[in-house]
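# A structural walkthrough
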Amino acid sequence: MKRRDFFKSAALAGLAAAFSPKAFGLTSTSKSLAVQSEPDMVAVMGGEPAAMLTRALKELGGIGHYVKKGNKVVIKPNIGWDRKPELAANTNPELIGTLVRLCKSAGASEVIVFDHTCHDWIKSYANSGIQAAVTAAGGKMVPGNDESYYREVDLPRGVNLKKAKIHQAIIDCDVWFNVPVLKHHGGAKNSISMKNLMGIVWDRGVFHRNDLHQCIADTATYHKSPALNIVDAYRIMKSNGPQGKSESDVVMLKSLIISPDFVAADTASMKLFSQVQPTDITDVRHIALAEKLKVGTQSIEKLNVKRIKMN
Amino acid sequence: MKFLKNIRIVLSILFFLPILVFFLDFTGKLPLVLHQFLKIQWIPALLSLNFVVIGILLTLSILFGRIYCSTICPLGVFQDVIEWKSKLFRKKKKKNRFKFSKPQNILRYSILGAIILLFVFGSSFLVILLDPYSTFGRIVSQLFRPLLIWVNNGFAWSLNSMGNYSLYKVEQIAFIPIAFIIAIIFFFSIAALAVKNGRLYCNTICPVGTFLGILSKVSVFRIAFEELNCNRCGSCEKNCKSQCIDSNTMSVDDSRCVTCFNCLSACKRGGIKYEIRYKKPNANHTQTPVDNSRRTFILISGAVVGSMIMAKANNLNSKKDSILSRKPIMPPGAQNINHFNAHCTGCQLCVTKCPMQVLKPASLQYGISGITQPHLVFSTHIFCTYDCNICSSVCPTDALKPVAMEQKKLTQIGVAKLRIDMCEVITHETDCGACSEHCPTQAVHMIPYKNGLTKPEVTEDLCIGCGGCESICPVRPYQAIYVEGSEIQTKAKKPEEAKKFDKVIDDFGF
């Protein structure tokens, strides 16, 4: 009997090793094992937003790897502008809706979506299509238009910005996702995942008065970093950003870049962007400044990058 | 004939509530067509030369007397509500408390004359100040709306802290002392008069009331005594909030009667009735108004001289920064400053409907005659939304002509003035670009400066004066870019579209 038992357990162990642990929804004890096999970055091209997101998350171990049962989840898209989805001024609503649905399916107790908008927040939430997508998926839109929603946090690693008022939804959540759209930007040159952080803070005038790029990099040192930066490049805005003037500013790239690393995500996005509009990454100074603050790395060639083309 | 009073009450509620709610609504959820209710107001109809409405109102007045005052005018109904509710606070809770009083003819005809003369000579100062509908608008928007927002924010705060976001905080309207003081003065004096003397305000100060009073002297229907039935008990007189019934002489001053029909309901014997004037001749005792031309002349001269002095005083602003002495920025659809100043009554409707709250009542920016007329005031995140033309579509007086959305996006209400030597990029040699970021037409765009930095530049033809740049410019207290108002609103050039990118990208590039 002993020998039989041994074979049984050996077979079970083999099975367990063959199937990745997260397939069984196993929890953090097996996490360290899983991390090694997962890529540092996933880039997908050629699909619809929902399909690309689902595919990319599968590579990363599934949504359950980031969202646990009962978690309070926050999703921070770019909803800065009163613009329709076709103008690519805001994150793709289908992408946000899908992410909300996935979080809910992983057992999230609530999924909150907000942005500190530049245009009238009510119109921006509505006309971006994001409010409808989030509500339909069972998420909750929360306003970011009033200072009382923000609380001060310390940024000990910051250079120019030592403190910032951050939206309480981010401070109080268990896990959050940063979901920017890839855009040209008149001020910061490009708006990707770190620039998107300006939507979680209250006072942005301070940024513009104290070296915009340094302040953006400083914000990225906030200790509660997002589980993933999900860069929406389904449609990108190649010129006249961040608002755009017309659909001529928009290029359909049908791409998605995901990484927990701010700097890596932005570096990769810049390379994708530069194929459309050649841009010197050193002009987007906050990327290098953030690397200097050890927020992440620009050397994506050293990372385990998974590239997927869907057709 | 007691049913007449009930009809009057029902009608006045039907006219009053939509206007009140429309002014109070801060969510922007009410349909904008409600503003049609405001087009049937006398002064807006006159200013916008809405002949259909003028015709209807004239016909109504000539037929029935001043039913505009008793049912359509929101300020009139507002006084009735105050008078009715004042029972709760008055010491003597008796119902029959009014007494006949003599008309204030000198005052009322002088005011009417002064308004007309001033208006003919190009100043709408008194029209703005005394139009009853606009007075009501100012009272509601300056006093009641802020209270409501305050209450909403209290509830929102407690709900939000429990994780419920069904209510949200709304930015309180900006406090503009002059507008607030005007609203306060009118509110308290009208309320006090309403409690004490019923419709004395309507019969003395209100120019519309005085004008309709002249018409109602010859109206087809009128209130009159039925001498056979009347026992001079005085019940009608005591219930007359216009204080225009003299039961001793059995006469009714038609010019002051607002046809509220309270007297008909008060009289138990049918001693007073609503009847056709012209069936029996010589039944009415009209009073000849006092000859007041000299007094009117003096009053008007005084008003004209006074307003000239104050307009001059306004020009003597200290000129510390050019931003402080800039020309006011009118809402889109104002066309030109003369048209706008002459037609706007400062009712505050556009101010309350502006989703960005960039419209604020003016103090002396337009001079004395433009107090409370709206102008644009930019502050952080507060500027004129590109895809919005609400103000021009709700204006009841045609001071703002309707502007279609595509037209609005090209209406130059002002022009951005860049003071490059104050700009963050120049003074600190860092990237900023907040102005260009907020520019919907890219009239403000970034051009190469040095060391990879870019600095802003303005193409004035493209600028529509929305103020996005000024609102967000981090240079304070006086921004490095600001909008100078246009006295004549012209058409901006249509922004050129970017070159389309039509190559196919099928590589990640990394």
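Everything numeric in this text was worked out from a predicted model, so none of it was measured. (Residues numbered from 1 in each chain as written. Chains lettered and ligands numbered in written order. Predicted model: local features only at pLDDT ≥ 70, side-chain atom pairs only at ≥ 80, totals over all residues. Heavy atoms only, no water.)

### Let's talk about the overall build of chain A
Across its full length, chain A carries 11 helices and 12 strands. Within chain A, the proportion of its 311 residues that are buried is 60%. Taking the intrachain contacts of chain A between residues at least 6 apart in sequence as the baseline, contacts between residues at least 24 apart amount to 73%. Surface summary for chain A: the accessible area is close to 11900 Å², and the carbon and sulfur share equals 54%. (Helix = DSSP H or I, 4+ residues; strand = E, 2+ residues; numbered from the N terminus. Buried < 20%, exposed > 50% of the residue type's maximum accessible area, 1.4 Å probe, protein only. Contact = heavy atoms within 4.5 Å. Areas by Shrake-Rupley, 256 points an atom, 1.4 Å probe, with all protein chains shown as cover.)

### A closer look at a nonpolar patch on the surface
Residues and elements named next belong to chain B. Among the surface-exposed residues, M1, F3, I7, V10, L11 and L14 lie close enough to one another that they form a single nonpolar patch of about 570 Å² accessible area. Tracing the chain through its elements places L14 in helix α1 (residues 3-24). Since its relative accessible area comes to 53%, L14 is described here as exposed. (Patch = residues over 30% accessible without salt bridge, like charges linked within 9 Å, V, L, I, M, F, W, Y side chains within 5 Å. Salt bridge = Lys/Arg side-chain N within 4 Å of Asp/Glu carboxyl O.)

### Things to note about the interface of chain A and chain B
How big an interface is tends to be stated in terms of accessible area lost as the parts join. Each partner contributes residues to the interface: chain A has 59 residues there, and chain B has 43 residues. Of the roughly 4300 Å² buried between chain A and chain B, counting both surfaces, carbon and sulfur atoms make up 55%. Considering only the surface of chain A that becomes buried against chain B, A:H208, A:K245 and A:Q275 emerge as the three largest contributors, covering 14% of it. Put simply, chain A and chain B have 3 salt bridges between them. Salt-bridge contacts for A:R83 lead to B:D387; the nearest nitrogen and oxygen are separated by 3.5 Å. Along the contact surface separating chain A from chain B lie 23 residue pairs in polar contact (both at pLDDT 80 or more). Secondary-structure elements contributing two or more residues to the side of chain A that touches chain B are β1 (41-45), α5 (121-127), β4 (140-141), α8 (205-209), α9 (212-219), β11 (250-259), α10 (262-274) and β12 (305-309) of chain A. Partitioning the side of chain A that touches chain B into residue classes produces 23 nonpolar, 18 polar and 18 charged. (Buried area = accessible area lost by both parts, 1.4 Å probe. Polar contact = N/O pair within 3.5 Å; in protein donor to acceptor, adjacent residues only side chain to side chain. Nonpolar A, V, L, I, M, F, W, Y, C, P; charged D, E, K, R; others polar.)

### Re helix α3 (residues 49-59) of chain A
Spacing of three or four residues puts side chains on the same side of an α-helix, whose turn is 3.6 residues. Residues and elements named next belong to chain A. The complete set of buried residues in α3 reads P49, M52, L53, A56 and L57. Down the axis of α3, the sector holding all buried residues measures 125 degrees, keeping them to one side. Downstream of α3 by a residue or two, G61 has a phi angle that is positive, lying close to 100 degrees. (Arc of directions from axis to C-beta.)

### As for unusual backbone geometry
Peptide bonds are, in most cases, trans, and in most cases residues other than glycine have a negative phi. Looking along the chain, the bond that leaves A:G241 and enters A:P242 is cis, with omega of 5 degrees. As for its placement among the helices and strands, A:P242 is situated in the loop between β10 (228-237) and β11. Between B:R476 and B:P477 the backbone carries a cis peptide bond, its omega angle lying at 0 degrees. Tracing the backbone shows B:P477 in the loop between α22 (468-472) and β10 (481-491). With a phi close to 60 degrees, A:N240 is a non-glycine residue in the positive phi region. Accessibility expressed as a relative area gives 17% for A:N240, which makes it buried. If you check the backbone angles, B:Q442 has positive phi at about 60 degrees while not being a glycine. With respect to the element layout, B:Q442 can be found in the loop between α21 (434-437) and β8 (444-448). Judged by relative accessible area, which is 9%, B:Q442 ranks as buried.

### Re the pattern of salt bridges
Side-chain pairs of opposite charge can arise where the charged atoms are in close proximity. Residues and elements named next belong to chain B. Evaluated as defined, the whole model comprises 30 salt bridges over all chains. Between E275 and R222 there is a salt bridge whose closest N-O contact spans 3.1 Å. Pair noted here: E275 is in strand β4 (residues 272-276) and R222 is in strand β1 (residues 221-225), with a separation of 53 residues, a long-range link. By relative accessible area, which is 7% here, E275 ends up buried.

### Thoughts on the environment of B:L57
By the element assignment, B:L57 lies in helix α4 (residues 51-64). Relative accessible area serves as the criterion here: at 3%, B:L57 is assigned to the buried category.

### Remarks on the nonpolar core
The biggest cluster of nonpolar side chains holds 105 residues, and the ones touching the most others in it are A:V67, A:L99, A:F177 and A:I230. Sort the elements by how many residues they give to this core and α10(A) lands first, with 8 residues. With residues up to four places along the chain from it excluded, the contact list for A:I230 reads A:L53, A:L95, A:L99, A:F177, A:N178, A:V179, A:P180, A:L256, A:I257 and A:I258. Judged by nonpolar contacts, the second largest core, of 54 residues, contains B:F16, B:V77, B:I82 and B:L215. (Core = buried A, V, L, I, M, F, W, Y, C linked by side-chain atoms within 4.5 Å.)

### Focus on the confidence of the model for chain A
It should be kept in mind that the predicted coordinates are not to be read in detail where pLDDT is low. Across chain A, pLDDT averages 90, with 88% of residues at or above 70. Throughout residues 19-35 of chain A the model reports pLDDT below 50, and contacts reaching past four residues in sequence, or to other chains, amount to 10 contacts. (pLDDT = per-residue confidence, 0-100.)

### Focus on helix α4 (residues 93-105) of chain A
All names here are of chain A. Under the 1.5 Å per step criterion, the end-to-end length of α4 is 18 Å for 13 residues, consistent within 8% with the ideal 18 Å. Measuring from the side-chain oxygen of the N-cap residue of α4 to the backbone nitrogen of E94 gives 2.8 Å; that N-cap residue is N92. The first or second residue beyond α4 is G107, which carries a positive phi of 100 degrees. (Expected span 1.5 Å × (residues − 1).)

### A word on the side chain of B:Q412
All names here are of chain B. Here Q412 is to be found in strand β7 (residues 411-418). On the basis of relative accessible area, Q412 is assigned to the buried category, the value being 10%. Within polar-contact distance, the side chain of Q412 engages the backbone oxygen of E460 at 3.0 Å. Not counting residues up to four positions away in its chain, the partners in contact with Q412 are E460, D461, C463, I464, S486, Q489, T490 and A492.

### Digging into the packing of helix α9 (residues 132-161) of chain B against helix α10 (residues 177-197) of chain B
All names here are of chain B. Close contact between α9 and α10 brings their axes to 9 Å; oriented N to C, the two are set at 110 degrees. By the angle between their axes, α9 is roughly perpendicular relative to α10. For the element pair α9 and α10, the recorded crossing hand is left-handed. Residues T135, R138, I139, Q142, L143 and F144 of α9 lie in contact with α10, whose contacting residues are A179, F180, I182, A183, I184, F186, F187 and I190. Here the contact of α9 with α10 is built from residues that sort into 11 nonpolar, 2 polar and 1 charged. (Axes fitted to C-alpha atoms, helices over the stretch in contact; angles between N-to-C directions. Parallel < 35°, antiparallel > 145°, perpendicular 65-115°, else oblique. Left-handed = near helix turned anticlockwise from the far one by under 90°.)

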